[in-house]
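# Structural overview
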Amino acid sequence: QAEIVGSNANFNWQVAFGLGPKLVKLVRNPNNNRVVDYWELDEGQEFDWFETNDISLFLMETLTDLSYFANAFPILVFDKNFQKIQAIRNREAAYSRWGVNAKSGAIERMLYSSQWGTSGVDDITSYRVIDEYNAIADVRYFMAKREKSVCYPVFMPSPGRPYYSYPSWYSIFRSGWFDQVASIPSLKRAILKYKLGVKYI
């Protein structure tokens, strides 16, 4: 039903987020290297990076985009020496578009703008895109090229959709049932307002 589509999508990200991420250190058995325990970190370089980037908020934003759009657009920001990832941010899926090579059809850039859908879009920010199947090598490559930041694509695969995935809840719009269901309240209001009575013979 149309009125519960939003609630269902909201429930999906809440279930995925759970109690949020925790930064832990694994304790391994020295004999077989199996994980036997873990403890939560509350200090150190990793903890500082975790807190500075507010990973809980980042994950919440990313899961929200995945739940509603089945696509997310995280940005990796390199440090000034191009030696490590300094920050990670999420760009809203609603304002993100792929820059596709017209000849090869390959995704080359991610384009971000809050003005999509309006005339005279002039604030487009462009990011190079990492190949998710070759992520580590690509990160090193773009660091060597001294790119300030890059996009790491995250998506829920959809058959026949190489660029933008379809979220499962979107089927209500594709089927046309949403328009039918949405028209019922307005019809009901008109009947109550104008006291429309349907007669029969």
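Residues numbered from 1 in each chain as written. Predicted model: local features only at pLDDT ≥ 70, side-chain atom pairs only at ≥ 80, totals over all residues. Heavy atoms only, no water.

## Points about a nonpolar patch on the surface
Taken together, the side chains of Val 24, Leu 26, Val 35 and Tyr 38 present a nonpolar region at the surface, about 360 Å² in accessible area. For the nonpolar patch, the secondary-structure elements that each account for two or more residues are β1 (24-28) and β2 (35-40). Residue placement: Val 35 occurs in strand β2. Under the relative-accessibility criterion, Val 35 is labelled partly exposed at 45%. (Patch = residues over 30% accessible without salt bridge, like charges linked within 9 Å, V, L, I, M, F, W, Y side chains within 5 Å. Areas by Shrake-Rupley, 256 points an atom, 1.4 Å probe, with all protein chains shown as cover. Salt bridge = Lys/Arg side-chain N within 4 Å of Asp/Glu carboxyl O. Helix = DSSP H or I, 4+ residues; strand = E, 2+ residues; numbered from the N terminus. Buried < 20%, exposed > 50% of the residue type's maximum accessible area, 1.4 Å probe, protein only.)

## Looking at the pattern of salt bridges
Pairs may arise between side chains of opposite charge once their charged atoms sit close together. Throughout the structure, instances matching the rule amount to 1 salt bridge. Among the salt bridges present, the one from Glu 147 reaches Arg 128, with a minimum N-O distance of 3.9 Å. Of this pair, Glu 147 sits in the loop between α4 (135-144) and β8 (149-151) while Arg 128 sits in strand β7 (residues 125-129), and the two are 19 residues apart along the sequence. Glu 147 sits in the partly exposed class, given a relative accessible area of 21%. The exposure class assigned to Arg 128 is partly exposed, which follows from its relative accessible area of 26%.

## Overview of the nonpolar core
One finds Leu 76, Phe 78, Ile 130, Val 139 and Val 150 to be the most contacted residues of the largest nonpolar core, which totals 15 residues. Of all the elements in the fold, those that place two or more residues in this core are α3 (55-69), β3 (71-78) and α4. Per-element accounting of this core gives the leading share, 4 residues, to α4. Counting residues in each nonpolar core, the second largest holds 9 residues, with Trp 98, Met 110, Tyr 127 and Cys 151 among its members. (Core = buried A, V, L, I, M, F, W, Y, C linked by side-chain atoms within 4.5 Å.)

## Quick look at unusual backbone geometry
Even without being glycine, Asp 54 reaches a positive phi, approximately 45°. Looking at the secondary structure, you find Asp 54 in the loop between α2 (45-52) and α3. By relative accessible area, Asp 54 is classed as partly exposed at 37%. The backbone of Ala 70 sits at a positive phi, close to 65°, despite the residue not being glycine. Assignment of secondary structure puts Ala 70 in the loop between α3 and β3.

## Some thoughts on the pairing of β2
As paired elements, β1 and β2 share 5 bridges and run antiparallel to each other. The residue bridging Val 27 from the neighbouring strand is Asp 37, located in β2. Following β1, the chain reverses through 6 residues before pairing antiparallel with β2; Asn 33 in that reversal takes a positive phi of roughly 65°. (Pairing = 2+ DSSP bridges.)

## What to know about the side chain of Asp 79
For Asp 79, the position within the fold is in the loop between β3 and β4 (85-91). Although buried, Asp 79 forms no salt bridge, and the nearest oppositely charged side chain, Lys 84, lies 5.3 Å from it. Reaching out from Asp 79, the side chain makes a polar contact with the backbone nitrogen of Phe 82 at a distance of 2.9 Å. When residues no more than four places from it in sequence are discounted, the contact partners of Asp 79 are Lys 84 and Gln 86. (Lys, Arg positive; Asp, Glu negative; His and termini not counted. Polar contact = N/O pair within 3.5 Å; in protein donor to acceptor, adjacent residues only side chain to side chain. Contact = heavy atoms within 4.5 Å.)

## Quick notes on the packing of aromatic side chains
Across all of its chains, the model carries 3 aromatic pairs by this definition. On the basis of an interplanar angle of 55° and a centroid distance of 4.8 Å, the ring pair of Phe 73 and Trp 98 is categorised as tilted. Here Trp 98 lies in strand β5 (residues 96-100) and Phe 73 lies in strand β3, a separation of 25 residues in the sequence. Residue class for Trp 98 comes out buried when judged on its relative accessible area of 11%. Measuring from ring centre to ring centre gives 6.4 Å for Tyr 95 and Tyr 112, while their planes differ by 85°; the resulting arrangement is edge-to-face. One end of the pair, Tyr 95, is in the loop between β4 and β5; the other, Tyr 112, is in strand β6 (residues 107-112), with 17 residues separating them in the sequence. Residue Tyr 95 is classed as partly exposed on the basis of its relative accessible area, which comes to 34%. (Phe/Tyr/Trp six-rings, centres within 6.5 Å; stacked < 30°, edge-to-face > 60°.)

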